[in-house]
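# A look at the structure
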Amino acid sequence: MAPIIHIIFHVINGLFSLIILALIINAILSWLVAFNVINTRNPAVWRIMDLLDRITAPILAPFRAFIPPLGGLDLSYIVAYLVIQGIQIYLLGPAEQNLTLLVGG
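First things first, this report covers the structure right here in the doc. Per chain, the residues get numbers from 1 upward, laid out in the order the sequence is written. A pLDDT threshold of at least 70 governs which residues receive local features in this predicted model, and a stricter bar of 80 or more applies before side-chain atom pairs are shown or counted, although totals over entire chains, interfaces and linings include all residues. Computation of side-chain values: all heavy atoms of the structure, hydrogens and water removed.

Right, let's talk about the side chain of T100 for a bit. Under the scheme used here, helices are H or I runs from DSSP no shorter than 4 residues and strands are E runs no shorter than 2 residues, and both carry numbers assigned from the N terminus. Tracing the sequence through the fold places T100 in helix α3 (residues 76-103). Think of it in three bands: residues with accessible area under 20% of the maximum for their type are buried, residues over 50% are exposed, and the middle band is partly exposed, with areas taken using a 1.4 Å probe on protein chains only. Given the relative accessible area of 10%, T100 is considered buried.

Written out as structure tokens, the structure is:
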């Protein structure tokens with residue numbers, strides 16, 4: 001049973017890493033669009049930004065509800081990144097160890 005628990009937590013950790021990567025790429029692309037470095041009228045750029053926005057918008061929405069943008073800078077990306085990193089570092093490892101001990105692995 002313990003190997004299954006390790007696999008499940010490894011997958012969860014990987015998903016959190018992918019979400020962090022999507023947040024970082026989305027933030028960088030939004031800055032590039034804001035400074036007119038890339039153009040969203042390009043179909044490929046628009047598709048990538050649309051996909052990343054669909055992935056990150058539900059994650060950022062709770063943070064945007066109570067963190068106002070400061071001078072056009074959206075701090076919700078930073079807070080979301082820190083929360084996800086905190087979950088990965090401080091909650092996933094101990095949760096995996098405790099669940100493994102609980103099932104007797």
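So much for the structure itself; the text now carries on.
The next point concerns the pattern of salt bridges. Any Lys or Arg side-chain nitrogen found within 4 Å of a carboxyl oxygen on Asp or Glu counts as a salt bridge. A full pass over the atoms with the stated rule returns 2 salt bridges. Linking R54 and D50 is a salt bridge whose minimum nitrogen-to-oxygen distance equals 3.1 Å. Remark: D50 and R54 occur in helix α2 (residues 43-66); sequence separation between them is 4 residues, near one turn of the helix. The partner of D74 in a salt bridge is R64, with the nearest N and O atoms 2.9 Å apart. One end of the pair, D74, is in the loop between α2 and α3; the other, R64, is in helix α2, and 10 residues separate them in sequence. Note on D74: relative accessible area 21%, which makes it partly exposed. Of the residues examined, R64 reaches a relative accessible area of 36% and is grouped as partly exposed.

In this section: helix α1 (residues 2-34). By this rule, a helix spans an expected 1.5 Å times one less than how many residues it contains. Over its 33 residues, α1 runs 48 Å from end to end, which matches the ideal 48 Å to within 8%, given 1.5 Å per residue. Inspection of α1 places A2, I5, F9, F16, I20, A22, L23, N26, A27 and L29 among the buried residues, and these make up the whole buried set. Among the structural elements, α2 and α3 are those in contact with the buried residues of α1. Count one or two residues on from α1 and you reach N36, which has phi positive near 55°. Should any heavy atoms of two residues lie within 4.5 Å, those residues are considered in contact.

A separate point is the packing of α2 against α3. As a rule, the C-alpha atoms of each element are fitted with a line to give its axis, helices using only the stretch in contact, and angles between N-to-C directions run from 0 to 180 degrees. The geometry of α2 relative to α3 is characterised by a closest axis approach of 9 Å and an angle of 115° between their N-to-C directions. By the criterion of interaxial angle, the relationship of α2 to α3 is roughly perpendicular. Crossing geometry of α2 relative to α3 is assigned as right-handed. Along its contact with α2, which presents I59, L60, F63 and R64, the element α3 presents S76, Y77, V79, A80, V83 and I84. Residue composition of the contact of α2 with α3, grouped by class: 8 nonpolar, 1 polar and 1 charged. An angle counts as roughly parallel when it lies under 35 degrees, as roughly antiparallel when it exceeds 145, as roughly perpendicular when it falls between 65 and 115, and as oblique in every other case. Left-handed describes a crossing whose near helix is turned anticlockwise from the far helix through less than a right angle; right-handed describes the clockwise counterpart. Only Asp, Glu, Lys and Arg are considered charged in this grouping, and only Ala, Val, Leu, Ile, Met, Phe, Trp, Tyr, Cys and Pro are considered nonpolar; every other residue, Gly among them, is considered polar.

Keep in mind these values describe shape, not function.
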